[in-house]
Amino acid sequence: MIPFNKPYVSGSELANIRQAVEYGWLAGNGRFTKACEGFLEERYGVARAMLTHSATAALEMMAILLDLKAGDEVIVPSFTFITTANAFALLGAKIVFADSLPGHPNMDTEGVEELITPRTRALVAMHYAGDICDMPALECLCRERGIVLLEDAAMAIESSLEGQKAGSFGDMAVFSFHETKNIISGEGGALLINREKWIERAEIIREKGSNRAAFFRGECDKYSWVDLGSSFLPSELQAAYLFAQLEAMDEIQAMRKAIWTRYHEGFSGLAAKGYPERPVSLPGREINYHSYYLICRSLEERSRLISFLHEHGIQAVFHYQSLDQSPFGVKFGQGAAPLPHAARYSDRLLRLPFYNALSREEQDHVIASVCAFYDEA
Ligand SMILES: *Cc1c(COP(=O)(O)O)cnc(C)c1O
């Protein structure tokens, strides 16, 4: 069976973990955590990068930093991962769902404007499959209306728009290092902060509401409970694994680019027929080759294709189910009708096996099998 995902080891992960053990510091915020954070700050030009144990944790830190309370509204795409919304709903914020573009899974920037009310506090842009949202337009809109702009760049590390990297557009952003992402540590994430005013408080929030980080730097003589917070730090073992991956980033990205390109070229014949659709990259974007997906003509066709591939030893998977139609999402009720474009991607988008160690033979088998399905159809 060709699985959908296989976690990758670039080379020095185990040696790094051994070193962390030998240093005798396994909790968070040690040498490897600092090394990873320094790497991210330098590469993405952000004021502060803080490792967390997941992108979800980093999203929750954002919500705490914004002092969200019941009645505040946060705009999020409907076609996204659950925690893009859940992190803000946890603090009682009302979630307002934005639809996708007609021709791309990303949020429809123009449609977002009419969702803004006097209670809108923040807008979360999620870059699907590494295709960056229209950040210049969202920045203008948010600045004009006094709204905080956040990026869920969980799957967009290394993507860029006109040369500017994901994570550096919003007031804050998150990355994920979950094992299904480009750069991994099993579970893992980072909060990127582009506004100095939030940095000190973010350290407190990550350290269970205490000023422990400042205490260890000798900036205060005891450490106490000073604010709200929780336990958001990853351990040094995760950071040790992650640091090896960050150092191998260029090599990893080159492997992923080759896989993405082979799929894209492999499906050019099908695309000429008009279906299934291949991913369309928005102008000015450099994607990060996070995943390869196809858009089927119907939910029924996608289900048949998934079964067909399964019979041929290939695990292909669908992706997000629109949050506006989810059992919990309907509670925020913008009306009974599903957001049409988000619904289209929920029903028809199919992701193919995509991992760094995917061999050419395996990939050719996937391509041939998809083509055979459409030839028979
Ligand atoms: C993977 C992902 C998340 C969650 O990341 P974790 O690190 O697993 O919490 C959130 N949002 C998006 C868009 C994702 O792709």
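Residues numbered from 1 in each chain as written. Predicted model: local features only at pLDDT ≥ 70, side-chain atom pairs only at ≥ 80, totals over all residues. Heavy atoms only, no water.

## A look at the side chain of glutamate 207
Mapped onto the secondary structure, glutamate 207 falls in the loop between helix H7 (199-206) and helix H8 (212-216). Overall, the relative accessible area of 3% leaves glutamate 207 in the buried class. (Helix = DSSP H or I, 4+ residues; strand = E, 2+ residues; numbered from the N terminus. Buried < 20%, exposed > 50% of the residue type's maximum accessible area, 1.4 Å probe, protein only.)

## Quick word on the environment of lysine 273
Secondary-structure assignment places lysine 273 in helix H11 (residues 268-273). Considered as a pair, lysine 273 and tyrosine 374 are 101 residues apart in the sequence and their alpha carbons are 10.0 Å apart. Setting aside its immediate chain neighbours within four residues, lysine 273 contacts Tyr374 and Asp375. (Contact = heavy atoms within 4.5 Å.)

## Considering the domain arrangement of the chain
Partitioning the chain into domains gives domain 1 (13-247) and domain 2 (249-376). Computed from C-alpha atoms alone, the centre-to-centre distance between domain 1 and domain 2 is 26 Å. If you look at the interface, domain 1 gives 49 residues, while domain 2 gives 36 residues. Between domain 1 and domain 2, a total of about 3400 Å² is buried, with carbon and sulfur atoms accounting for 58% of that surface. On the domain 1 side of the interface with domain 2, the three residues burying the most area are Phe79, Phe97 and Asn182, jointly 20% of the side's total. Linking domain 1 with domain 2 are one salt bridge, by the criterion used here. Its salt-bridge partner being aspartate 250, residue arginine 43 comes within 2.9 Å of it at the nearest N-O pair. Seen at the junction of domain 1 and domain 2, the total is 22 residue pairs in polar contact (both at pLDDT 80 or more). At the level of secondary structure, the elements contributing two or more residues to the side of domain 1 that touches domain 2 comprise helix H2 (31-44), helix H4 (82-89), strand S3 (94-98), strand S4 (100-101), strand S5 (104-107), strand S8 (160-161) and helix H9 (236-247). Considering each element in turn, the side of domain 1 that touches domain 2 owes the most residues, five residues, to S3. Tallied by class, residues from the side of domain 1 that touches domain 2 come to 28 nonpolar, twelve polar and nine charged. (Domains from an automatic or database assignment. Buried area = accessible area lost by both parts, 1.4 Å probe. Salt bridge = Lys/Arg side-chain N within 4 Å of Asp/Glu carboxyl O. Polar contact = N/O pair within 3.5 Å; in protein donor to acceptor, adjacent residues only side chain to side chain. Nonpolar A, V, L, I, M, F, W, Y, C, P; charged D, E, K, R; others polar.)

## Let's talk about the pairing of strand S6 (residues 120-126)
Across the seven residues that make up S6, a large majority, six, are buried. In this structure, strand S2 (residues 73-77) lies alongside S6, joined through three bridges in parallel fashion. Directly across from valine 74, in S6, lies its bridge partner alanine 122. Summarising the sheet, S6 and strand S7 (residues 148-152) pair through five bridges and their orientation is parallel. Paired with alanine 122 across the strands is valine 148, a residue of S7. Read as a crossover between parallel neighbours, the route from S6 over helix H6 (residues 135-145) to S7 is right-handed. (Pairing = 2+ DSSP bridges. Right-handed = clockwise from strand over helix to strand, strands pointing away.)

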